[in-house]
Amino acid sequence: MNLTDESKNFHHGVYTVVSLIPYGHVTSYGHIAYLLNKPQNSRQVGSALKHLSIVLQSLRQDLPEEERQDYFTVDTLPWWRVLSSAGKISPRGNSNAEYIQAIRLQEEGVAVSSGHKVDLDEYGWFPDEVDF
DNA sequence: CATGTGACCGGTG
DNA sequence: ACACCGGCCACAT
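This section reports on the structure supplied with the text.

Each value, and the rule that gives it
Residues numbered from 1 in each chain as written. Chains lettered and ligands numbered in written order. Predicted model: local features only at pLDDT ≥ 70, side-chain atom pairs only at ≥ 80, totals over all residues. Near = placed C-beta within 6 Å. Nonpolar A, V, L, I, M, F, W, Y, C, P; charged D, E, K, R; others polar. Helix = DSSP H or I, 4+ residues; strand = E, 2+ residues; numbered from the N terminus. Buried ≥ 20, exposed ≤ 12 C-beta atoms within 10 Å, placed from the backbone. Arc of directions from axis to C-beta. Contact = placed C-beta atoms within 7 Å.

1. What about the protein's contact with DNA strand C?
Neighbouring DNA strand C are the residues Met 1, Asn 2, Leu 3, Ser 7, Gln 40, Asn 41, Ser 42, Arg 43, Gln 44, Ser 47, His 51 and Val 55. Its residues assigned to classes, the surface near DNA strand C shows three nonpolar, eight polar and one charged.

2. A short note on the environment of Pro 127
Structurally, Pro 127 is set in the segment after helix H6 (120-123). Between the alpha carbons of Pro 127 and Ser 53 there is a distance of 26 Å; along the sequence they are 74 residues apart.

3. Thoughts on the protein's contact with DNA strand B
Around DNA strand B lies a shell of 18 residues, among which Tyr 29, Gly 30, Ser 42, Gly 46 and Lys 50 are the nearest. Mapped onto the surface near DNA strand B, the elements with two or more residues apiece are helix H2 (29-35), helix H3 (42-50) and helix H5 (97-107). With six residues, the single largest contributor to the surface near DNA strand B is H3. In terms of residue class, the surface near DNA strand B is built from five nonpolar, ten polar and three charged.

4. Quick look at H3
Within an α-helix, residues lying three or four positions from one another point in the same direction, as the helix has 3.6 residues per turn. Residues of H3 that are buried include every one of Val 45, Ala 48 and Leu 49, and no others. Viewed end-on, H3 has its buried residues packed into an arc of 95°, placing them on one side of the element. Buried positions along H3 lie against helix H1 (5-20), H2, helix H4 (52-61) and strand S2 (82-83).

Take a look at the structure:
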């Protein structure tokens, strides 16, 4: 995990935006990229979530010791509220994470169809901008 | 060092 | 509705 400063910045931005998605709502990889002023980098948003656990550890190490406790963890960051632009849970080969994601969403009142799809008109969160 | 792959997306045909 | 493409970049091989 050798990330440039710019890349660390981007990853941190992704996690910050994810932390802002309200309970019971969802957004898309592409919209997160848009909010970070990098609309072409939706794929990197997916990558940032795929490697969530390891990158969070890396970023945590860069923090002053007294701030480490307050940083995001894989348990507190609502990664399950991020879907594709079509409102579907992205398939992960191997992993059962996509089923966990469906369960987490349903637990907070988000209806997930048998096709692992969510109605974005009902549950979507797509602000034009956010403040950090 | 080079190439392929992928939690993606919007545009084009 | 579907398939392909280019843009982007971390990782694996």
